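Remarks on the overall topology
Residue-level listing of the chains:
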Amino acid sequence: MERLGGDKATHSRKRAAKADHSDGFARDVSAVKVGDCLLGYKAVQRRARGGRWNHFRGRMREIEKLIRHRHGDIVPEADDALIYVEVIAGLALVEFGQEFVEVVLGWAARWLPWAGKADVEEIIDERTKVRYSSLSADALGHALHVSYAERCALDIRTIGAFDVPKAKRAKLQKQKRRQRDRSRKEQQRRAAGACPRADYLANSFSQARPWEAFGISRRTWERRGKPVPEAEAISDCGSMPLAA
(Lines give C-alpha, C1' and ligand atoms only; values in the text may rest on other atoms or scores of the structure.)
Protein backbone atom coordinates (compact mmCIF):
# COMPACT_ATOMS: atom_id res chain seq x y z
CA MET A 1 0.00 0.00 0.00
CA GLU A 2 2.84 2.36 0.84
CA ARG A 3 4.51 1.48 -2.45
CA LEU A 4 1.33 2.26 -4.37
CA GLY A 5 1.07 5.67 -2.74
CA GLY A 6 4.69 6.42 -3.63
CA ASP A 7 4.08 5.47 -7.28
CA LYS A 8 1.05 7.77 -7.44
CA ALA A 9 3.05 10.66 -6.04
CA THR A 10 5.82 10.02 -8.56
CA HIS A 11 3.37 9.96 -11.47
CA SER A 12 1.69 13.11 -10.18
CA ARG A 13 5.04 14.89 -10.04
CA LYS A 14 5.92 13.81 -13.57
CA ARG A 15 2.59 15.02 -14.95
CA ALA A 16 3.09 18.40 -13.30
CA ALA A 17 6.63 18.65 -14.65
CA LYS A 18 5.38 17.99 -18.20
CA ALA A 19 2.87 20.85 -18.09
CA ASP A 20 2.51 22.79 -21.31
CA HIS A 21 4.78 25.85 -21.75
CA SER A 22 3.29 27.10 -25.02
CA ASP A 23 1.22 29.83 -23.34
CA GLY A 24 4.31 31.78 -22.24
CA PHE A 25 4.20 30.49 -18.66
CA ALA A 26 6.36 27.97 -16.82
CA ARG A 27 5.24 25.82 -13.93
CA ASP A 28 7.14 25.00 -10.77
CA VAL A 29 6.38 21.74 -8.99
CA SER A 30 5.41 22.13 -5.34
CA ALA A 31 4.85 19.28 -2.86
CA VAL A 32 1.49 19.06 -1.04
CA LYS A 33 1.91 17.81 2.54
CA VAL A 34 -0.13 17.39 5.70
CA GLY A 35 2.40 17.25 8.48
CA ASP A 36 4.97 14.69 7.37
CA CYS A 37 2.53 12.95 5.03
CA LEU A 38 3.12 13.61 1.32
CA LEU A 39 -0.19 13.81 -0.54
CA GLY A 40 1.17 14.63 -3.95
CA TYR A 41 2.47 17.47 -6.09
CA LYS A 42 0.92 20.50 -7.72
CA ALA A 43 2.12 22.85 -10.46
CA VAL A 44 2.54 26.52 -9.57
CA GLN A 45 2.33 28.77 -12.61
CA ARG A 46 4.81 31.57 -13.10
CA ARG A 47 5.95 33.76 -15.95
CA ALA A 48 8.49 31.89 -18.07
CA ARG A 49 11.90 33.40 -18.72
CA GLY A 50 13.79 32.81 -21.90
CA GLY A 51 10.99 30.73 -23.42
CA ARG A 52 10.76 29.72 -27.05
CA TRP A 53 10.43 32.70 -29.37
CA ASN A 54 7.04 32.87 -31.04
CA HIS A 55 7.32 34.56 -34.44
CA PHE A 56 3.67 35.60 -34.69
CA ARG A 57 3.45 37.11 -31.20
CA GLY A 58 6.79 38.87 -31.63
CA ARG A 59 5.76 40.55 -34.88
CA MET A 60 2.29 41.33 -33.57
CA ARG A 61 3.77 43.10 -30.53
CA GLU A 62 6.03 45.18 -32.77
CA ILE A 63 3.10 46.13 -35.02
CA GLU A 64 1.19 47.22 -31.92
CA LYS A 65 4.23 49.23 -30.79
CA LEU A 66 4.23 50.91 -34.20
CA ILE A 67 0.52 51.70 -33.91
CA ARG A 68 0.94 53.24 -30.46
CA HIS A 69 3.81 55.38 -31.73
CA ARG A 70 1.90 56.57 -34.77
CA HIS A 71 -1.71 56.75 -33.60
CA GLY A 72 -2.06 56.13 -29.88
CA ASP A 73 -4.48 53.61 -28.35
CA ILE A 74 -6.45 52.93 -31.55
CA VAL A 75 -5.92 53.31 -35.29
CA PRO A 76 -7.94 56.31 -36.58
CA GLU A 77 -10.37 55.77 -39.41
CA ALA A 78 -8.62 56.29 -42.75
CA ASP A 79 -8.46 54.80 -46.23
CA ASP A 80 -5.26 52.85 -45.57
CA ALA A 81 -5.96 51.90 -41.93
CA LEU A 82 -7.07 48.38 -42.80
CA ILE A 83 -3.54 47.55 -43.95
CA TYR A 84 -2.80 46.67 -40.31
CA VAL A 85 -5.63 44.12 -40.33
CA GLU A 86 -4.40 42.71 -43.64
CA VAL A 87 -0.89 42.22 -42.28
CA ILE A 88 -2.13 40.64 -39.03
CA ALA A 89 -4.46 38.37 -41.04
CA GLY A 90 -1.55 37.15 -43.15
CA LEU A 91 0.62 36.46 -40.12
CA ALA A 92 -2.21 34.77 -38.22
CA LEU A 93 -3.08 32.54 -41.18
CA VAL A 94 0.49 31.24 -41.29
CA GLU A 95 0.52 30.70 -37.52
CA PHE A 96 -2.96 29.30 -36.85
CA GLY A 97 -4.18 27.98 -40.20
CA GLN A 98 -7.96 28.05 -40.66
CA GLU A 99 -8.39 28.92 -36.96
CA PHE A 100 -6.96 32.39 -37.56
CA VAL A 101 -10.38 34.05 -38.08
CA GLU A 102 -11.20 34.58 -34.41
CA VAL A 103 -7.69 35.88 -33.74
CA VAL A 104 -8.00 38.54 -36.44
CA LEU A 105 -11.52 39.55 -35.43
CA GLY A 106 -10.47 39.96 -31.80
CA TRP A 107 -7.36 41.93 -32.73
CA ALA A 108 -9.29 44.24 -35.05
CA ALA A 109 -11.95 44.87 -32.39
CA ARG A 110 -9.18 46.05 -30.04
CA TRP A 111 -7.18 48.28 -32.40
CA LEU A 112 -9.77 49.30 -35.02
CA PRO A 113 -13.08 49.35 -33.11
CA TRP A 114 -14.68 51.55 -35.77
CA ALA A 115 -14.09 48.97 -38.51
CA GLY A 116 -17.17 47.03 -39.51
CA LYS A 117 -17.14 43.29 -39.09
CA ALA A 118 -18.01 42.88 -42.77
CA ASP A 119 -14.88 44.80 -43.80
CA VAL A 120 -12.67 42.69 -41.56
CA GLU A 121 -14.29 39.46 -42.75
CA GLU A 122 -13.71 40.54 -46.35
CA ILE A 123 -9.99 40.81 -45.65
CA ILE A 124 -10.08 37.45 -43.89
CA ASP A 125 -11.86 35.93 -46.88
CA GLU A 126 -9.14 37.24 -49.20
CA ARG A 127 -6.50 35.57 -47.05
CA THR A 128 -8.23 32.19 -47.42
CA LYS A 129 -8.55 32.46 -51.21
CA VAL A 130 -4.83 32.76 -51.92
CA ARG A 131 -1.96 30.51 -51.00
CA TYR A 132 -0.24 32.67 -48.43
CA SER A 133 3.26 32.48 -47.00
CA SER A 134 4.87 34.51 -44.25
CA LEU A 135 5.99 37.98 -45.34
CA SER A 136 9.68 38.82 -45.19
CA ALA A 137 10.88 41.61 -42.93
CA ASP A 138 11.38 43.99 -45.86
CA ALA A 139 7.96 43.13 -47.31
CA LEU A 140 6.37 44.02 -43.97
CA GLY A 141 8.39 47.22 -43.85
CA HIS A 142 7.09 48.25 -47.27
CA ALA A 143 3.50 47.24 -46.46
CA LEU A 144 3.48 49.26 -43.23
CA HIS A 145 5.74 52.02 -44.65
CA VAL A 146 8.24 51.75 -41.80
CA SER A 147 11.23 54.05 -42.18
CA TYR A 148 14.70 53.17 -40.95
CA ALA A 149 14.63 56.07 -38.48
CA GLU A 150 11.29 54.85 -37.11
CA ARG A 151 12.60 51.30 -36.91
CA CYS A 152 15.64 52.39 -34.88
CA ALA A 153 13.67 54.72 -32.60
CA LEU A 154 11.22 51.95 -31.66
CA ASP A 155 13.85 49.18 -31.55
CA ILE A 156 11.90 47.12 -34.09
CA ARG A 157 13.76 43.99 -35.17
CA THR A 158 11.34 41.72 -37.06
CA ILE A 159 10.08 44.34 -39.51
CA GLY A 160 12.29 45.86 -42.19
CA ALA A 161 12.38 49.39 -43.58
CA PHE A 162 11.14 50.67 -46.92
CA ASP A 163 13.99 53.17 -47.34
CA VAL A 164 17.01 51.07 -46.28
CA PRO A 165 17.41 47.52 -47.67
CA LYS A 166 18.43 44.57 -45.53
CA ALA A 167 22.07 44.48 -46.70
CA LYS A 168 22.61 48.14 -45.85
CA ARG A 169 20.86 47.74 -42.48
CA ALA A 170 23.24 44.91 -41.64
CA LYS A 171 26.21 47.12 -42.55
CA LEU A 172 24.92 50.01 -40.43
CA GLN A 173 24.24 47.65 -37.54
CA LYS A 174 27.79 46.36 -37.75
CA GLN A 175 29.14 49.91 -37.61
CA LYS A 176 26.99 50.68 -34.56
CA ARG A 177 28.19 47.52 -32.85
CA ARG A 178 31.81 48.47 -33.48
CA GLN A 179 31.20 51.95 -32.09
CA ARG A 180 29.58 50.48 -28.95
CA ASP A 181 32.54 48.12 -28.53
CA ARG A 182 35.01 51.00 -28.84
CA SER A 183 33.07 53.08 -26.32
CA ARG A 184 32.88 50.17 -23.87
CA LYS A 185 36.61 49.44 -24.15
CA GLU A 186 37.38 53.14 -23.73
CA GLN A 187 35.36 53.22 -20.52
CA GLN A 188 37.14 50.12 -19.28
CA ARG A 189 40.54 51.72 -19.93
CA ARG A 190 39.49 54.90 -18.12
CA ALA A 191 38.25 52.83 -15.16
CA ALA A 192 41.61 51.04 -15.07
CA GLY A 193 43.41 54.40 -14.82
CA ALA A 194 44.66 54.75 -18.38
CA CYS A 195 45.43 58.28 -19.54
CA PRO A 196 43.46 59.67 -22.51
CA ARG A 197 45.57 59.89 -25.66
CA ALA A 198 45.13 63.65 -25.95
CA ASP A 199 46.52 64.16 -22.42
CA TYR A 200 49.31 61.70 -23.09
CA LEU A 201 50.41 63.53 -26.23
CA ALA A 202 50.15 66.92 -24.52
CA ASN A 203 52.57 65.76 -21.79
CA SER A 204 54.83 63.59 -23.93
CA PHE A 205 58.49 64.33 -24.56
CA SER A 206 57.84 64.38 -28.30
CA GLN A 207 55.64 67.42 -27.82
CA ALA A 208 57.67 69.18 -25.10
CA ARG A 209 61.09 68.45 -26.72
CA PRO A 210 63.08 69.34 -23.55
CA TRP A 211 66.44 68.49 -25.20
CA GLU A 212 66.14 71.62 -27.35
CA ALA A 213 66.43 73.74 -24.18
CA PHE A 214 69.98 72.31 -23.78
CA GLY A 215 70.85 72.62 -27.45
CA ILE A 216 71.47 68.88 -27.78
CA SER A 217 69.87 65.97 -29.63
CA ARG A 218 67.28 63.72 -28.05
CA ARG A 219 69.64 60.74 -27.92
CA THR A 220 72.32 62.84 -26.13
CA TRP A 221 69.66 64.13 -23.75
CA GLU A 222 68.52 60.57 -22.95
CA ARG A 223 72.15 59.47 -22.48
CA ARG A 224 72.67 62.28 -19.94
CA GLY A 225 69.76 61.02 -17.84
CA LYS A 226 66.91 63.13 -19.28
CA PRO A 227 67.59 66.32 -17.32
CA VAL A 228 64.66 68.71 -16.87
CA PRO A 229 65.40 72.26 -18.06
CA GLU A 230 64.25 75.40 -16.32
CA ALA A 231 60.93 76.88 -17.38
CA GLU A 232 62.67 79.97 -18.84
CA ALA A 233 64.93 77.80 -20.95
CA ILE A 234 61.98 75.83 -22.28
CA SER A 235 60.20 79.02 -23.35
CA ASP A 236 63.30 80.19 -25.26
CA CYS A 237 64.27 76.82 -26.72
CA GLY A 238 62.96 77.74 -30.14
CA SER A 239 65.95 80.07 -30.68
CA MET A 240 68.61 77.66 -29.36
CA PRO A 241 70.67 75.65 -31.86
CA LEU A 242 70.40 71.85 -31.81
CA ALA A 243 73.77 70.22 -31.08
CA ALA A 244 74.76 66.77 -32.31
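Our subject in this report is the structure included herewith. (Residues numbered from 1 in each chain as written. Predicted model: local features only at pLDDT ≥ 70, side-chain atom pairs only at ≥ 80, totals over all residues. Heavy atoms only, no water.)

Applying the stated criterion to the full structure yields three aromatic pairs. Of note, R110 hangs over the ring of W111, and the distance from its end group to the ring centre comes to 3.8 Å. (Phe/Tyr/Trp six-rings, centres within 6.5 Å; stacked < 30°, edge-to-face > 60°. Lys NZ or Arg CZ within 6 Å of the ring centre and 35° of its normal.)

Scanning the entire structure with this criterion turns up 10 salt bridges. For K117, the salt bridge identified is with E121, shortest N-O distance 3.9 Å. Taken as a pair, K117 and E121 lie in helix 5 (residues 117-129) at a separation of four residues, close to a single helical turn. Note on K117: relative accessible area 55%, which makes it exposed. For E121, a relative accessible area of 37% gives the class partly exposed. Put simply, E186 and R190 hold a salt bridge, and the shortest N to O gap is 1.9 Å. Remark: R190 and E186 occur in helix 8 (residues 166-191); sequence separation between them is four residues, near one turn of the helix. One network of salt bridges, with partners in common, ties together E186, R189 and R190. (Salt bridge = Lys/Arg side-chain N within 4 Å of Asp/Glu carboxyl O. Helix = DSSP H or I, 4+ residues; strand = E, 2+ residues; numbered from the N terminus. Buried < 20%, exposed > 50% of the residue type's maximum accessible area, 1.4 Å probe, protein only.)

Here we take up the side chain of T220. As for its placement among the helices and strands, T220 is situated in helix 11 (residues 218-223). Separated by 3.0 Å, the side chains of T220 and S217 make a polar contact. (Polar contact = N/O pair within 3.5 Å; in protein donor to acceptor, adjacent residues only side chain to side chain.)

Here the focus is helix 4 (residues 100-111). Over its 12 residues, helix 4 extends 17 Å from the first C-alpha to the last, a length consistent with the 16 Å expected when each residue adds 1.5 Å. All of the buried residues along helix 4 are F100, V104, L105, W107, A108 and W111. Around the axis of helix 4, the buried residues are gathered within 165° of arc, so they sit on the same side. With respect to the buried face of helix 4, the exposed residues turned more than 90 degrees away are E102 and A109. (Expected span 1.5 Å × (residues − 1). Arc of directions from axis to C-beta.)

Where helix 3 (residues 83-96) contacts helix 5, the axes come no closer than 10 Å and their chain directions differ by 45°. Put simply, helix 3 runs oblique to helix 5. For the crossing formed where helix 3 meets helix 5, the hand is right-handed. Here V85, E86, A89, G90 and L93 of helix 3 lie close against helix 5, whose contacting residues are V120, I123 and R127. In terms of residue class, the contact of helix 3 with helix 5 is made up of five nonpolar, one polar and two charged. (Axes fitted to C-alpha atoms, helices over the stretch in contact; angles between N-to-C directions. Parallel < 35°, antiparallel > 145°, perpendicular 65-115°, else oblique. Left-handed = near helix turned anticlockwise from the far one by under 90°. Contact = heavy atoms within 4.5 Å. Nonpolar A, V, L, I, M, F, W, Y, C, P; charged D, E, K, R; others polar.)

Next up on the list: a positive patch on the surface. Together, K174, K176, R177, R178, R180 and R182 make up a positively charged patch on the protein surface. Turning to its location among the elements, K174 is positioned in helix 8. (Patch = residues over 30% accessible without salt bridge, like charges linked within 9 Å, V, L, I, M, F, W, Y side chains within 5 Å. Areas by Shrake-Rupley, 256 points an atom, 1.4 Å probe, with all protein chains shown as cover. Lys, Arg positive; Asp, Glu negative; His and termini not counted. Charge placed at Lys NZ, Arg CZ, Asp CG, Glu CD.)

Turning next to the nonpolar core. In this structure, I63, V85, V104, W107, L112, V120 and L144 are the most contacted members of the largest nonpolar core, which totals 32 residues. Here this core gets eight residues from one element, more than from any other, and that element is helix 3. (Core = buried A, V, L, I, M, F, W, Y, C linked by side-chain atoms within 4.5 Å.)

What follows is about the environment of R157. Position of R157 among the secondary structure elements: in the loop between helix 7 (148-153) and helix 8. Residues R157 and G58, 99 residues apart in the sequence, show an inter-C-alpha distance of 9.3 Å. Look past the residues within four positions of R157 in its chain and what remains in contact with it is E62 and R151. Only 3.3 Å separates the side chain of R157 from the side chain of D155, close enough to count as a polar contact.

What follows is about the environment of I63. Here I63 is to be found in helix 2 (residues 55-70). Exposure remark for I63: the relative accessible area of 0% places this residue in the buried category. Taking the C-alpha atoms as reference points, I63 and T158, separated by 95 residues in sequence, lie 9.6 Å from one another. Look past the residues within four positions of I63 in its chain and what remains in contact with it is Y84, V87, I88, L91, W107, L144 and I159.

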